Amino acid sequence: MSDDYILPRTAGEGYRRDGGGEGRTGLGLKARSAGAGAASAPSTASPMNGGGDVFIRGYASLWGVADLNGDVVAKGAFAASLAKTGVQGVRMLHQHEARSVVGVWDRIEEDERGLYVEGRVMDWSAEARFAGALSRAGALDGLSIGFRSHRARREGRLRVLVEVDLWEVSLVTFPMLPGARFSVG
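Draft legend 1. The arrangement of the pattern of salt bridges in detail. The full count for this structure, using the stated rule, is 10 salt bridges. As a salt-bridge pair, D71 and R159 come within 2.8 Å of each other at their nearest N and O atoms. In this pair, D71 sits in strand 4 (residues 71-73) while R159 sits in strand 9 (residues 158-172), placing the two residues 88 residues apart along the sequence. By relative accessible area, which is 4% here, D71 ends up buried. Close ionic contact of E112 with K75 constitutes a salt bridge, the shortest N to O distance being 2.7 Å. One end of the pair, E112, is in the loop between strand 6 (97-110) and strand 7 (114-121); the other, K75, is in the loop between strand 4 and helix 1 (79-85), with 37 residues separating them in the sequence. Overlapping salt bridges bring together D53, D106 and R120 as one network.

Put into structure tokens, the structure is as follows:
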């Protein structure tokens, strides 16, 4: 597996390696691995009053569910990556844009359903405030993962991701995995 740079396709569609389909994203999940960092102390600002941090939670990936690109994540695919980097090694981006770090993940863990995430959209930049406002209004509620595949297998038209390096979980308009969603509060 090469270390090709993963390029975004259109906004919210996820990633595809230049010239291939190895490093796609687009999964919405709820997760935390054993050993991932502990949750940070929450802000006292209300997520619904238009100010301060916006607290979000949801699933960035779901086990055994094919996304729109034909990728399926196997249970446990994120465990090694999360054990290595912890929650602090995974960025919260807006629309997979590396320049748009809009918050922090406080909790990421694998559970029986998929990859569960909890975090805070901050107000430290115009992009972060924009993502927070969209989230509070319900206009932004998708999650999508940015990763590099370490081990995968083919099952017919599907690619089953067995082990991946999780780089980021983005807030997106159109997740590649339609069930990858978050809620505010």
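Next comes the rest of the description.
Draft legend 2. Here's a closer look at the packing of aromatic side chains. Within the structure shown, the criterion is met by 2 aromatic pairs. Ring centres of Y59 and Y116 lie 5.6 Å apart, and the angle between their planes is 65°; this geometry places the pair in the edge-to-face category. Taken together, the positions of Y59 in strand 3 (residues 54-62) and Y116 in strand 7 put the pair 57 residues apart, joining distant regions of the chain. Across the pair, Y116 and Y59 agree in class, each one buried. Ring centres of W63 and F78 lie 6.0 Å apart, and the angle between their planes is 35°; on these two criteria the pair is classed as tilted. Taken together, the residues span a long stretch of sequence, with W63 in the loop between strand 3 and strand 4 and F78 in the loop between strand 4 and helix 1 at a distance of 15 residues. Each of the two residues, W63 as well as F78, counts as buried. Its guanidinium or amino end placed over the ring of Y59, R113 lies 4.5 Å from that ring's centre, counting from NZ or CZ.

The rules behind these values
Residues numbered from 1 in each chain as written. Predicted model: local features only at pLDDT ≥ 70, side-chain atom pairs only at ≥ 80, totals over all residues. Heavy atoms only, no water. Salt bridge = Lys/Arg side-chain N within 4 Å of Asp/Glu carboxyl O. Helix = DSSP H or I, 4+ residues; strand = E, 2+ residues; numbered from the N terminus. Buried < 20%, exposed > 50% of the residue type's maximum accessible area, 1.4 Å probe, protein only. Phe/Tyr/Trp six-rings, centres within 6.5 Å; stacked < 30°, edge-to-face > 60°. Lys NZ or Arg CZ within 6 Å of the ring centre and 35° of its normal.

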